[in-house]
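Examining the three-dimensional arrangement
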Amino acid sequence: MSNQQQELQGDFGVWLVIYVELFTFGVIFTGYSVARYHNVEMFNESQLLLNKSAGFLNTILLITSSWLVVKAVENIKNIYNDFDIKKASNYLLLAIGSGVLFVVSKVAELLHVFGQGINLSSNTFFTFYILLALFHLMHVLLGMFILFVLYQNTKKGNYSQKEHVGLESGALYWHMVDLLWIVLFPLVYIMR
Amino acid sequence: MRKSTKNYIMLIALTCLAFLIGLTEVSNSWFVVVLLFSTFIKGKMIIDYFMGMNEYVSRWNNFPTLWLGLVILMTLGFYFF
């Protein structure tokens, strides 16, 4: 079998979830663009109240976390001895750590926004911003729970060079969370 | 250096570029084009190399890329028209 005909990573179920999530977020992103089209000035003015540095930091944290998960999967796929299992579980632990930092940063950012008297009904921009932030945060929290389960399983030696579909599936979910944020960050924080 | 690490460095570099564009706080069409193009590249790297889609060929292969392309094009469309 050539390299170009390898099987898709993970199981079918996780791809189904990913496709549904991508579609859902795609609809919200489109809604954001349509709403912005109708009131560009208000969106640009409201965007200035957001903390771009927090958005930048969160992007770095999620990309780093995603990369650490890739490293963990690489270690299991090329497993040679117990040291590789240890390395893979350490990568997963660091990925969870990056996720925790993301959550802390995101919650602090949201609390700061709410502290300014801004809420869901302040204007359309903030309705989208708060909904997207909370909806994405829910996915991050679920992803972190999945990563923790993967960490436990990896530590116990439940994955091998041949049997690691569970690890791949969990990793795919986490990469999807990263992919969504990669689109959300420029759309909401930067583009004006 | 492993390919995943090279991709990671590239992703960080493109994120820094987006942040620098954001710091200008200027409404500029070219900035938006560069920003969205770099976002497409970043998303494509996640899909191809982190999710492993570059190693898989089937009719489903293009769905995440198609999704990404549509979202970026739609954003560009509503920005310019």
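Now for a description of the structure that goes with this document. (Residues numbered from 1 in each chain as written. Chains lettered and ligands numbered in written order. Predicted model: local features only at pLDDT ≥ 70, side-chain atom pairs only at ≥ 80, totals over all residues.)

Turning our eyes to something else, we now look at the overall build of chain B. For chain B, the count of helices and strands is three helices and zero strands. Order of helices (α) and strands (β) in chain B, N terminus to C terminus: α-α-α. Viewed in the frame of its principal axes, chain B has a C-alpha envelope of about 40 × 35 × 10 Å. Within chain B, buried positions represent 33% of all 81 residues. For chain B, contacts bridging at least 24 residues in sequence account for 59% of all contacts bridging at least 6. (Helix = DSSP H or I, 4+ residues; strand = E, 2+ residues; numbered from the N terminus. Buried ≥ 20, exposed ≤ 12 C-beta atoms within 10 Å, placed from the backbone. Contact = placed C-beta atoms within 7 Å.)

Residue and element names in this part refer to chain B. The phi dihedral of E25 falls on the positive side, at around 50°, and the residue is not glycine. Mapped onto the fold, E25 is located in the loop between α1 (3–24) and α2 (29–50). Looking at E25, the number of C-beta atoms within 10 Å reads 12, which means it is exposed.

On to the packing of helix α3 (residues 52–77) of chain A against helix α6 (residues 165–190) of chain A. Packed helix pairs are characterised by how far apart their axes lie and by the angle those axes make with each other. Residue and element names in this part refer to chain A. Contact geometry of α3 with α6 gives a least axis separation of 10 Å together with a crossing angle of 160°. In terms of orientation, α3 and α6 fall into the roughly antiparallel class. Crossing of α3 against α6: the hand is left-handed. Packed against α3, whose contacting residues are K52, G55, N58, T59, L62, I63, S66, V69, V73 and I76, the element α6 presents L167, E168, A171, W174, H175, D178, W181, F185 and Y189 at the interface. For the contact of α3 with α6, the per-class residue count stands at eleven nonpolar, five polar and three charged. (Axes fitted to C-alpha atoms, helices over the stretch in contact; angles between N-to-C directions. Parallel < 35°, antiparallel > 145°, perpendicular 65-115°, else oblique. Left-handed = near helix turned anticlockwise from the far one by under 90°. Nonpolar A, V, L, I, M, F, W, Y, C, P; charged D, E, K, R; others polar.)

What follows covers the packing of α6 of chain A against α2 of chain B. Put simply, α6 of chain A and α2 of chain B touch, their axes get as near as 10 Å, and they point 175° apart. The pairing of α6 of chain A with α2 of chain B is recorded here as roughly antiparallel in orientation. Across the interface between the two elements, H175, D178, L179, I182, V183, P186 and I190 of chain A from α6 of chain A touch L35, L36, T39, K42, G43, I46, I47 and F50 of chain B from α2 of chain B. Taken together, the residues of the contact of α6 of chain A with α2 of chain B break down into ten nonpolar, three polar and two charged.

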